[in-house]
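# Summary of structural features
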Amino acid sequence: MGTGATKKDLFEIIRRQLEQIDGLTAENKALKADIARMKKRIEELERRERKYAAPFSREKRTADPKSPERRPGEGTFAHKAPSVSAADTTPIEWLAGHRVRADS
């Protein structure tokens, strides 16, 4: 019944296989961790894609946000009506749909 393998040779084969199994188990564990991390990243990207928010508001919100109004002294006043001068303050009366100055 000669296979030529001794008991010592068989133990050596088993030892190498156990080392190989340990290495493959560690590699499998690392790959599963990578897969979990990548799935989490994919979910985050898909969630961001579904949001209809402006790019500046997609991340963390500020703790004390400023109100959206114009601050005093900011901006141009291009559409502001000129102030009424003192010369044009005479009362106006309406007669039959026509404006008539009271002094005329």
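Conventions used here
Residues numbered from 1 in each chain as written. Predicted model: local features only at pLDDT ≥ 70, side-chain atom pairs only at ≥ 80, totals over all residues. Heavy atoms only, no water. Helix = DSSP H or I, 4+ residues; strand = E, 2+ residues; numbered from the N terminus. Areas by Shrake-Rupley, 256 points an atom, 1.4 Å probe, with all protein chains shown as cover. Patch = residues over 30% accessible without salt bridge, like charges linked within 9 Å, V, L, I, M, F, W, Y side chains within 5 Å. Salt bridge = Lys/Arg side-chain N within 4 Å of Asp/Glu carboxyl O. Buried < 20%, exposed > 50% of the residue type's maximum accessible area, 1.4 Å probe, protein only. pLDDT = per-residue confidence, 0-100.

## A closer look at the overall build of the chain
Along the chain, the regular secondary structure elements total 1 helix and 2 strands. Just so you have it, the chain exposes about 10,800 Å², and 58% of that area is on carbon and sulfur atoms.

## So, a nonpolar patch on the surface
A cluster of nonpolar side chains, contributed by Phe11, Ile14, Leu18 and Ile21, occupies part of the molecular surface with about 410 Å² of accessible area. Positionally, Phe11 belongs in helix α1 (residues 7–50). A relative accessible area of 52% means that Phe11 is categorised as exposed.

## Some thoughts on the pattern of salt bridges
All told, the structure shown has 6 salt bridges when counted by the stated rule. A salt bridge links Glu12 to Arg15; its shortest N-O distance comes to 2.3 Å. Of the two residues, Glu12 and Arg15 both sit in helix α1, 3 residues apart, roughly one turn of that helix. Residue Arg15 is classed as partly exposed on the basis of its relative accessible area of 37%. Linking Arg48 and Glu44 is a salt bridge whose minimum nitrogen-to-oxygen distance equals 3.7 Å. Taken together, the positions of Arg48 and Glu44, both in helix α1 and 4 residues apart, correspond to about one turn of that helix. Judged by relative accessible area, Arg48 falls into the partly exposed class, the value being 30%.

## Brief notes about the confidence of the model for the chain
Residues of the chain with pLDDT of at least 70 account for 60%, and the chain-wide mean is 78. Highest mean pLDDT in the chain belongs to α1 (94); lowest belongs to strand β2 (residues 98–101) (60).

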